[in-house]
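Tertiary structure, described
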Amino acid sequence: MKRLFKGGEIATEDSPKLTRVDVLVEDGKIVQVAPGIAAGEGTEVVDCTGKVILPALFDVHVHAREPGQEQKENILTCSEAAINGGVVGFVMMPNTAPAIDTAGVVKTVLESARKCRIPLYTSGAITKGREGKELAAIGAMKAAGAVMITDDGYPVSNPVVLRRAMEYAKNFDLILASHCETMELSGKGSMHEGKVSYSLGLEGIPAISEEICLDRDIRIAQYTGAHVHIQHVTTARGMNTIRRFKEEGVKVTCEIAPHHLIFNHEDIRDYDTSYKMNPPLRTPEDNTLLLQGLIDGVFDVIATDHAPHTEFEKKNDFQSAPFGITGLETALPCLYDRFMSKGVFGWDVIVKRYSAEPRRIIKLPPVPVVEGGVAEFIVFDPNGSTTFTKEFMKSKSSNTPFLNQTLKGSVDVVVLKDEVLLNR
Amino acid sequence: MTPRKDLLDIQSLTDEELEFILSNAVPFKNLFKRSVKKVPTLKGRTVLTLFYEPSTRTRSSFEIAASRLSADVTNFSVSTSSVVKGESVLDTVATLEAMRTDYVVVRHSMSGIPNLIAKHTNASVINAGDGFHAHPTQGLLDVFTMREVFGGDVRGARVAFIGDIQHSRVARSTNLLCRRMGMQTAMLAPGSLIPRELPQEIAVFQDWKELYAWKPDVIYLLRVQTERQNVPFFPSIGEYHRLFGLTDERLKWARDNGIWVMHPGPVNRGVELTDSVMEYERSLIDQQVENGIAVRMSVLYWLKPGSSTEDKP
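Anyway, here's the lowdown on the structure attached to this text. Position labels on residues start from 1 in each chain and follow its written sequence. As a convention, the first chain written is A and the first ligand written is 1, with the rest following in written order. Per-residue local features of the predicted model are confined to residues with pLDDT of at least 70, and side-chain atom pairs are confined, for both listing and counting, to 80 or more; whole-chain, interface and lining totals are unaffected and use all residues. Side-chain metrics in this entry use all non-hydrogen atoms of the structure; hydrogen atoms and water are not considered.

A few points about the overall build of chain B
Secondary structure elements follow DSSP: runs of H or I no shorter than four residues count as helices, runs of E no shorter than two count as strands, and numbering proceeds from the N terminus. Helices and strands together make up the secondary structure of chain B, namely 10 helices and nine strands. Here the C-alpha atoms of chain B give a radius of gyration of 20 Å, agreeing with the 20 Å that 2.2 N^0.38 yields for 313 residues. When its C-alpha atoms are laid out on the principal axes, chain B stretches across 55 × 45 × 35 Å. Across the 313 residues in chain B, those meeting the buried criterion constitute 57%. Residue contacts follow a heavy-atom distance rule, with two residues in contact if any of their heavy atoms lie within 4.5 Å. The contacts of chain B with a sequence gap of at least 6 include a subset with a gap of at least 24, amounting to 74%. For chain B, the accessible area works out to roughly 13,000 Å², and carbon and sulfur atoms hold 49% of it. This count recognises Lys and Arg as positive and Asp and Glu as negative, with His and chain-terminal groups excluded. For charged residues, the charge sits on one atom: NZ in Lys, CZ in Arg, CG in Asp, CD in Glu. Here chain B contributes 37 positive and 36 negative side-chain charges, whose respective centroids are spaced 3 Å apart. Computation of the radius of gyration draws on C-alpha atoms alone. For the globule rule, the value is 2.2 Å times the number of residues to the power 0.38. Categorising residues by exposure relies on relative accessible area from a 1.4 Å probe, with only protein chains included: less than 20% of the type maximum marks a residue as buried, more than 50% marks it as exposed, and the intermediate range marks it as partly exposed. Each accessible area value is a Shrake-Rupley result obtained with a 1.4 Å probe; residue values ignore everything except the protein chains displayed when judging cover.

So this is what it looks like as structure tokens:
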């Protein structure tokens, strides 16, 4: 089977410049990348005129909610949501019910993942039940296929337990991903502590809740020599701490979620629970500085923290509603709409931070659109637009501030080897 | 003036609406001097009080206000309702909607619950206090009371809020309204009870000496809400009273300088204030209670329930 993707421009991680070439795919491989490729007999031609061809996206932070919370999402619906957003592969978080904290649960989850159209990966918990007390079966989970360990949703509050986990994970060359939060400081907070939380009368989560834990976790990583990956950074001060430790040579990587670049606490109006997430939306100043951090490379990866919840749960009052928004389907259009279409950064940032580096972090090779490479790319139409209606979205949940909004850009085609997973 | 369905906070009120509510409260208060204190304004209308938090003063105030406007008043007793069986707020609202209530007066320990209810009912929703967020009718009655003592013009008056600013919805609403009306405001509290960031630039004092120097016209004492403090915010009630309470000595200063004293109630005697304040000639505490009824009558008169706007009196 041959397919010729004609007239598009290819994005790479090395340069913001796009290259106008045609891409010929045969039997799941990219066999030719060159200008003016003629379509041979029996070749299906996909018109990509005016569109961008880029390596498929990869997300290291996704809540697929299976097992146990399938009313919100399951692995299959989550994978379809991913395809809808141009994401071909992600790492599931272990805060399920039960938690993914044994080899058995890892195997069960990966068994479900095999029914999906894209390859999926799972993390395992650091501690049993994500309770922060006893180490989970880290070695067994790695052997069963876990690619990362994390207690995401909670920090490992006890520094001794975290130290032991890091020391132990090193044996298995496993990255330890850290949700940084000082629970005592967060208390019952439901949004960033600041003038908006005061006005709304909501208890706040102070920035120091995240910053203190982040500093502690990286120092423990420095001490143990382990690789720590800081999840969903939200404060400029925390980002600068990471920058400093990186300069010192500590093995630390970190991620930024699109919503922490785009929204801030001033967007929380009339108790709209679409803006309730943990860590919370911070300040407009943080938006600006975090964006700069993405451009200058402090952030290794973009990750959505896709966190589906039912409409019923999110319809609750702000304090009672759960934290989290969906992100897999909106990530690329929202980044394009808010930043790239305005020239804030180029396609190289997306390719590097939302495709190549996320794969490298879990030791997968990147999938550049080059001759001899595997065909794993998407076609994005910068002149198109996407309206995020419930009908459009494949996730079971639609808890996103972008619901019923139209953003510039559209993921038109998703290719994985010999299959066209999406063709709008 | 565009009809308004709900009163949820102070921020959303326009200057015109504020003036409408405050000026209409005057004739309603004049009614209280008559032997028959009732007018037929809301005859045939139903006002339902939905209090998820215990309250005697505010609920009674709304009930009296509604009955003086001839509305039928029902108290939805939350503790004995299906709420204790796990019914959600929105389930309760659906029930109320089916009862075709015209006004719902809500108090809840969670901020934003009145906003949530307002979105799901045609009835006019009045926020009677939600979490730390807002208590708009308290703010209105406080400013109404200040207008009375300052002869109508409150611009330039200096009001100092003293006490648990962090957890006080009264401080939020009354302070906001004072500033809207051109008053100057300041705060005095233990550092642990002052919010880290305030939406406006407000003078924050560390002790009474600084407050004396500022020369306030009104000191507004806030109730210390120990029930909201999961970690102690100050060492002891005794220390709080000594350092931040209106003691006999400070009351003498107030008397010597002709300073008005306000408190939203209920008063914690021996904590925010000394017993003697209750007899202080410039204490406005009872006047606040009386004015609360007039202002709430004015609010009920002003709002237009969504389902029955065509025949609003």
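Re the pattern of salt bridges
When the charged atoms of two side chains lie near each other, side chains of opposite charge can form a pair. In what follows, salt bridge is the name for a side-chain nitrogen of Lys or Arg lying within 4 Å of a carboxyl oxygen of Asp or Glu. Tallied over the entire structure, the rule returns 35 salt bridges over all chains. Lys6(A) serves as the salt-bridge partner of Asp22(A), at 2.7 Å between the closest nitrogen and oxygen. One end of the pair, Asp22(A), is in strand E4 (residues 22-26); the other, Lys6(A), is in strand E1 (residues 2-6), with 16 residues separating them in the sequence. Using a relative accessible area of 30% as the deciding quantity, one classes Lys6(A) as partly exposed. A salt bridge links Asp275(B) to Arg269(B), with the nearest nitrogen and oxygen atoms 3.5 Å apart. We classify Asp275(B) as partly exposed; its relative accessible area is 42%.

Some points on the sheet that holds strand E6 (residues 184-188) of chain B
Residue and element names in this part refer to chain B. Think of it this way: DSSP has to see at least two bridges between two strands before they count as a pair. A sheet is described by the order of its strands in space; here five strands give the open sequence E7-E6-E5-E8-E9, paired in parallel fashion. The open sheet is flanked by strand E7 (203-205) and strand E9 (260-262), the only strands paired with a single partner. Each strand of the sheet is rotated relative to its neighbour by a mean of 25°, with strand direction disregarded. Pairing of strand E8 (residues 218-221) with E9 involves three bridges; the strand directions are parallel. Looking at the pairing, isoleucine 219 lines up with valine 261 of E9. Angular values range over 0 to 180 degrees, each being the angle between N-to-C directions of two axes fitted as lines to C-alpha atoms, with helices fitted over their stretch in contact.

Some details on the state of the cysteines
Residue and element names in this part refer to chain A. Any two cysteine sulfur atoms within 2.5 Å of one another count as a disulfide. Taken as a whole and assessed by the stated rule, the structure comprises zero disulfides over all chains. Free cysteine cysteine 78: the closest other cysteine sulfur is in cysteine 116, separated by 8.6 Å. For the unlinked cysteine cysteine 213, the closest cysteine sulfur is that of cysteine 180, found at 4.5 Å.

Observations regarding helix H3 (residues 89-98) of chain B
Spacing of three or four residues puts side chains on the same side of an α-helix, whose turn is 3.6 residues. Residue and element names in this part refer to chain B. Turning to H3, its buried residues are Val89, Thr92, Val93 and Leu96. The arc that holds every buried residue of H3, seen down its axis, measures 100°, which confines them to one face. Summarising the contacts, the buried residues of H3 are in contact with strand E1 (46-51), strand E2 (72-77), strand E3 (103-108) and helix H4 (113-119). Positive phi appears at arginine 100, one or two residues downstream of H3, with a value of about 55°. The reported arc concerns the directions from the helix axis to the C-beta atoms and nothing else.

Structural notes on empty space enclosed by the protein
A water-sized probe, rolled over the atoms, reveals where empty space remains. All names here are of chain A. Of the two site types, the cavity is a set of points on a 1 Å grid over the protein atoms alone where a 1.4 Å probe fits but cannot get out, and the pocket is an open set with protein on both sides within 12 Å along at least five of seven lines, each lined by residues with an atom within 4 Å of a point. Grid points are joined across faces, edges and corners, and a volume is the space filled by probe spheres set on the points. Counting across every chain of the model gives three cavities of 30 Å³ or more. Taken as a whole, the largest cavity encloses approximately 50 Å³ of empty space. In terms of lining residues, the largest cavity is bounded by Pro258, His259, Thr304, Ile325, Thr326, Gly327, Thr330, Ala331, Cys334 and Phe402. Mapped onto the lining of the largest cavity, the elements with two or more residues apiece are helix H9 (258-262) and helix H12 (331-338). Lining the second largest cavity are His179, Cys180, Glu181, Ile205, Ser209, Glu210, His232, Asn278, Pro279, Pro280 and Arg282.

A look at the pairing of strand E16 (residues 252-256) of chain A
All names here are of chain A. In terms of burial, E16 is a largely internal element, five of the five residues being buried. Alternating positions in E16 separate into two faces, Val252, Cys254 and Ile256 on one and Thr253 and Glu255 on the other, with burial throughout. For strand E15 (residues 228-230) and E16, the ladder comprises three bridges, and the chain directions are parallel. Note on E16: the bridge partner recorded for histidine 229 is threonine 253. Handedness of the E15-helix H8 (residues 236-247)-E16 crossover: right-handed. Alignment of E16 against strand E17 (residues 301-302), held across two bridges, turns out to be parallel. When the sheet's bridge partners are listed, isoleucine 256 is paired in E17 with isoleucine 302. By the criterion used throughout, a crossover qualifies as right-handed when its path from the first strand across the helix to the second strand runs clockwise, the strands pointing away from the viewer.

Focus: the interface of chain A and chain B
Each partner contributes residues to the interface: chain A has 17 residues there, and chain B has 22 residues. Two parts placed together each lose some accessible area under a 1.4 Å probe, and the buried area is that loss summed for both. In total, chain A and chain B occlude about 1,700 Å² of area from one another, counting both sides; carbon and sulfur atoms represent 55% of this. Looking at the side of chain A facing chain B, the largest losses of area belong to Tyr198(A), Tyr271(A) and Lys315(A), adding up to 36% of the total buried there. At the boundary of chain A with chain B, the tally comes to one salt bridge. Across the salt bridge formed by Asp270(A) and Lys119(B), the nearest N and O atoms sit 3.6 Å from each other. Broken down by class, the residue content of the side of chain A that touches chain B amounts to four nonpolar, six polar and seven charged. Charged means Asp, Glu, Lys or Arg here, nonpolar means Ala, Val, Leu, Ile, Met, Phe, Trp, Tyr, Cys or Pro, and polar covers whatever is left, Gly included.

Points about unusual backbone geometry
In this structure, Pro67(A) follows Glu66(A) across a cis peptide bond, with omega equal to 10°. Mapped onto the elements, Pro67(A) comes out in the loop between strand E8 (57-62) and helix H1 (75-84). Backbone torsion omega between Gly265(B) and Pro266(B) reads -10°, so that peptide bond is classified as cis. With respect to the helices and strands, the residue Pro266(B) is situated in the loop between E9 and helix H10 (285-302). In this structure, Asp270(A) takes a positive phi of about 55° despite not being glycine. Tracing the chain through its elements places Asp270(A) in the loop between H9 and helix H10 (284-296).

Let's talk about helix H2 (residues 57-68) of chain B
All names here are of chain B. Compared with the 16 Å implied by 1.5 Å per residue over 12 residues, the 16 Å span of H2 between its first and last C-alpha is a close match. For H2, the set of buried residues is Thr58, Ser61, Phe62, Ala65, Ala66 and Arg68. In a view along the axis of H2, the buried residues occupy a sector of 165°, so they form one face of it. Contacts made by the buried residues of H2 are with E1, E2, E3, strand E4 (124-130), helix H5 (136-149) and H10. Immediately beyond the C-terminal end of H2, within one or two residues, lies serine 70, with a positive phi of roughly 70°. Under the convention used throughout, the expected extent of a helix is 1.5 Å for every residue step, that is, one less than its residue count.

So, a nonpolar patch on the surface
All names here are of chain A. Residues qualify for a patch when their relative accessible area is over 30% and they have no salt bridge, like charges being joined within 9 Å and the nonpolar side chains of Val, Leu, Ile, Met, Phe, Trp and Tyr within 5 Å. Residues Leu185, Ile208 and Ile212 make up a contiguous nonpolar surface patch of roughly 230 Å² in combined accessible area. One can find isoleucine 208 in helix H7 (residues 207-224). Take isoleucine 208: its relative accessible area is 40%, and that puts it in the partly exposed class.

Regarding the nonpolar core
Among soluble globular proteins, nonpolar side chains are generally buried collectively. Side-chain atoms within 4.5 Å link the members of a nonpolar core, which is a set of buried Ala, Val, Leu, Ile, Met, Phe, Trp, Tyr and Cys residues. Counting 103 residues, the largest nonpolar core has Leu54(A), Ile230(A), Trp347(A) and Ile350(A) as its most contacted members. When residues in this core are grouped by element, the largest group, six residues, is from helix H2 (residues 103-113) of chain A. Those residues in contact with Ile230(A), other than ones at most four positions away along the chain, are Ser178(A), Cys180(A), Leu214(A), Ile218(A), Ile242(A), Val252(A), Thr253(A), Cys254(A) and Glu255(A). Within the second largest apolar cluster, 86 residues are counted, among which are Leu42(B), Leu140(B), Leu222(B) and Trp253(B).

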